[in-house]
Amino acid sequence: MSAHALRGYRAGSAAQPQELDPMLLWPALALLLFGMVMVYSASIATAEGSRFTGHQPAYFLIRHGVFLAIGLIAAAVVFQVPLRVWQQGAPWLFLLGVALLVLVLVPFIGREVNGARRWLPLGLVNLQPSELMKLFAVLYAADYTVRKLADMGSFRRGFVPMALVMALVGGLLLREPDFGAFVVIICIAMGILFLGGINVRLFAVLFLFLALAFVVLIWTSPYRRERIFGFMDPWSDAYGKGYQLSHALIAFGRGEWFGVGLGGSVEKLFYLPEAHTDFLLAVIAEELGLAGVLAVIVLFALIVQRAFAIGRQSLLLERAYGGLVAQGIGIWIGVQAFINMGVNMGLLPTKGLTLPLMSFGGSGILANCVALAILLRVDYENRALMRGAAA
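Everything numeric in this text was worked out from a predicted model, so none of it was measured. (Residues numbered from 1 in each chain as written. Predicted model: local features only at pLDDT ≥ 70, side-chain atom pairs only at ≥ 80, totals over all residues. Heavy atoms only, no water.)

S.K.: Help me understand the overall build of the protein in this model?
M.R.: If you tally the helices and strands in the protein, you get 13 helices and three strands. Relative to its 391 residues, the protein shows a buried fraction of 50%. Nonlocal contacts in the protein, meaning residues at least 24 apart in sequence, comprise 72% of its contacts between residues at least 6 apart. Total accessible area on the protein is roughly 17,700 Å²; 69% of this is exposed by carbon and sulfur atoms. Computing the positive centroid from 28 side-chain charges and the negative centroid from 21, the protein places the two 9 Å apart. (Helix = DSSP H or I, 4+ residues; strand = E, 2+ residues; numbered from the N terminus. Buried < 20%, exposed > 50% of the residue type's maximum accessible area, 1.4 Å probe, protein only. Contact = heavy atoms within 4.5 Å. Areas by Shrake-Rupley, 256 points an atom, 1.4 Å probe, with all protein chains shown as cover. Lys, Arg positive; Asp, Glu negative; His and termini not counted. Charge placed at Lys NZ, Arg CZ, Asp CG, Glu CD.)

As structure tokens, this is what we get:
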């Protein structure tokens, strides 16, 4: 433990530190519980009107509650696992993630919905490998960076191996296709490499290259290109390519300052597609107004801030892997939340990414809960180390 970190600990905390960080734990629990309420509110009409759900209004609420319970149980188990175990298993978990991404593309194994093959049917539930891959990417990128710290200034030894691995993952995700997950995973990998000390000039060149690659991917794909045109002027084709965005904007407009009241959304009544998944924030805006949206933004900002603070503390304690994992989780949650919110508000083109911790979806909730448990574990080990050093 560095002398600087120990002095900061002694100066800033006369009392015994808490076992868990309340500024991380409570915002996370608030988002999970608030998400459950809003998923129910956003999904009632869809559940009542579908034969698939048996016309049960609480269908999505019950399933979301079960997913949340499984996620919290998994989080409690994962919290008991020392961080060194995750570091040792990171390459194997990453290989497992790649295998699942390959498996989902196999005909008659992966499940196709609306032209996308992203799910593995497991009886009563569907597993979405791309959600787990985000977590595995954080663990692997952090482990890779720690192992290659001495080579972070080298393009060939520091960047090329990671680039090849991420190109493989990206190729599999684009085959599904799941462009949103691809963007998030690339942001995770590049962010961790940057925080790990990759050469700044090299990083700038790579950033420009990736930006150009994204433009090419969008322009060469007709449906992605149509989404860009729909984003630029959704009202020109409000019943076609601009349909989702135009109804999301209507929901925001109706909500004004304090909303029309919980349960009072009109847009969720079969106007706004995927109201309980990708466009949950639009329902929040309509029912709870600007106040509800700001509350969600503040809660996410607290989680991201605490993730980076925990990561910085871990780095000061010379625990590089824990620091990069914590900050990688912060990048993941922050980037995905930003993209989802940007799409809902019309600041970004429509993209199929859920709102972390809140939107309906078993794989996403499970991956988010496990990630937060690992983040809490990093903080727990930091506090244990500081207590031992101060004793």
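S.K.: It is not clear to me how a nonpolar patch on the surface should be interpreted in this structure. Could you clarify?
M.R.: On the surface, Trp257, Phe258, Leu290, Leu294 and Ile297 cluster together into a nonpolar patch covering about 550 Å² of accessible area. Overall, Leu294 belongs to the partly exposed group, its relative accessible area being 44%. (Patch = residues over 30% accessible without salt bridge, like charges linked within 9 Å, V, L, I, M, F, W, Y side chains within 5 Å. Salt bridge = Lys/Arg side-chain N within 4 Å of Asp/Glu carboxyl O.)

S.K.: How do you make sense of the pairing of strand 2 (residues 116-122) when you look at a structure like this?
M.R.: The side chains of a regular strand alternate between both faces of the sheet. Counting buried residues along strand 2, five of its seven residues qualify, which places the element largely inside the surrounding structure. Sheet topology places strand 1 (residues 111-113) next to strand 2; three bridges connect them, and they run antiparallel. In the sheet register, Glu112 faces strand 2, and the bridge partner there is Arg117. Here strand 1 folds back onto strand 2, and the loop between the two strands holds two residues, one of which, Asn114, carries a positive phi near 55°. Relative to strand 3 (residues 125-127), strand 2 runs antiparallel, the two sharing three bridges. Residue pairing across strands places Leu120 opposite Leu127, the latter belonging to strand 3. Hairpin connection from strand 2 to strand 3: two residues lie between these consecutive antiparallel strands, with Gly123 at a positive phi of about 75°. (Pairing = 2+ DSSP bridges.)

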